[in-house]
Amino acid sequence: MHAITSAEFVKGVVDPEGLPRDTLPYIAFLGRSNVGKSSTLNMLTGNGSLARKSSRPGKTTEINMFRINKRVYFADLPGYGYAKQPEPLRLHIEDMIAWYIADRYITHLRLVMIIDLRVGATDLDKKMMADLLATHEAEQILVLANKADGLKQSELAKQLREVQTAFPGISVVPISARKGTGKKEALMAIFAGL
Ligand SMILES: Nc1nc2c(ncn2[C@@H]2O[C@H](COP(=O)(O)OP(=O)(O)OP(=O)(O)O)[C@@H](O)[C@H]2O)c(=O)[nH]1
Ligand SMILES: [Mg+2]
C-alpha cells in the first residue's frame, strides 16, 4: 500500500468517545503548531483541500480523522506548543494529545512526527518524541522534516544531520509540503512493512 487512492474526511474528534471504534488501524500525524501537518496531509493524499490549512497557527483544535484507501485512518492532531494560544486551549490540546497517544483501543501502525527542518528539532519536539517512545517502539515512529524548500543543499544536509542526531534510531525523511518534494519517500516510509 504505497499509493493513496482514496481519502475521505470522517469527523473531527475532541474526546475519546468521539473516536471511530471500528477495526481500522491508525496512522497519526503530530507536530508543533504551524509546522505544516495539514499541508503535509494534503500533499500526501493529493488533495489540496482535504485537511484545512491556515496561515494562522494553532487553528486545528480537533483531531481530524480521514479514512485512507478504506483501510486505515489518518489522524491529524492539533499542533502543540503554540505560545500565543490562550492557556486553557493550550492545556486542552496537550491533554487531547496525551489521551490520544495513550488510548488502549487504537492500533497505531505508525506515529508520524512532523517538524520544521529550517528550525530543526526543538525542545518541545524532543519532549514529544520521549513521550512517544515511552509507549511505542522506535520502528513505529517516523519524522517528516517539512519546509525543506528554501534551504540550500548544504544547509539541508546540515539540518538533517542535526535532526537525525536528536532522534537516534528514528527514520527522518525531508519533505516540502509546499513543493511536493519527498512525497514518494514519505509514503514509502509511512507504509513501510505494512
Ligand atoms: N515554506 C513552506 N511553508 C509551508 C510548508 N508546509 C506548510 N507551510 C506553511 O506553514 C503554515 C502552517 O501550515 P499548516 O499546514 O496549517 O500547519 P499545521 O501544522 O497544520 O498547523 P496547526 O494545525 O495550526 O497546528 C502555512 O502558512 C503553510 O503555508 C512547506 O513545505 N514549506
Ligand atoms: Mg493543522
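Structure: see above.
What you see is a predicted model; the values in this text were computed from it and never measured.

To continue, consider the packing of aromatic side chains. On inspection of all chains with the given rule, the structure shows 5 aromatic pairs. Centroid distance Tyr26 to Tyr73: 5.3 Å. Interplanar angle 65°. Geometry classified as edge-to-face. Of this pair, Tyr26 sits in strand S2 (residues 26-31) while Tyr73 sits in strand S4 (residues 72-76), placing them 47 residues apart in sequence. The exposure class of Tyr26 is buried, given its relative accessible area of 3%. Overall, the relative accessible area of 1% leaves Tyr73 in the buried class.

Moving on, we come to the pattern of salt bridges. This model, assessed by the stated rule, comprises 9 salt bridges. For the salt bridge of Arg90 with Glu87, the shortest nitrogen-to-oxygen distance reads 2.7 Å. Of this pair, Arg90 and Glu87 both sit in helix H2 (residues 87-102), separated by 3 residues, roughly a single helical turn. Residue class for Arg90 comes out partly exposed when judged on its relative accessible area of 23%. Under the relative-accessibility criterion, Glu87 is labelled partly exposed at 43%. Put simply, Asp131 and Lys127 hold a salt bridge, and the shortest N to O gap is 3.2 Å. With a gap of 4 residues between them, Asp131 and Lys127 both fall in helix H3 (residues 123-135), about one helical turn apart. The exposure class of Asp131 is partly exposed, given its relative accessible area of 33%. Three or more residues are tied together by salt bridges with common partners; here these are Glu8, Arg67 and Lys70.

Calculation notes
- Residues numbered from 1 in each chain as written.
- Chains lettered and ligands numbered in written order.
- Predicted model: local features only at pLDDT ≥ 70, side-chain atom pairs only at ≥ 80, totals over all residues.
- Heavy atoms only, no water.
- Phe/Tyr/Trp six-rings, centres within 6.5 Å; stacked < 30°, edge-to-face > 60°.
- Helix = DSSP H or I, 4+ residues; strand = E, 2+ residues; numbered from the N terminus.
- Buried < 20%, exposed > 50% of the residue type's maximum accessible area, 1.4 Å probe, protein only.
- Salt bridge = Lys/Arg side-chain N within 4 Å of Asp/Glu carboxyl O.

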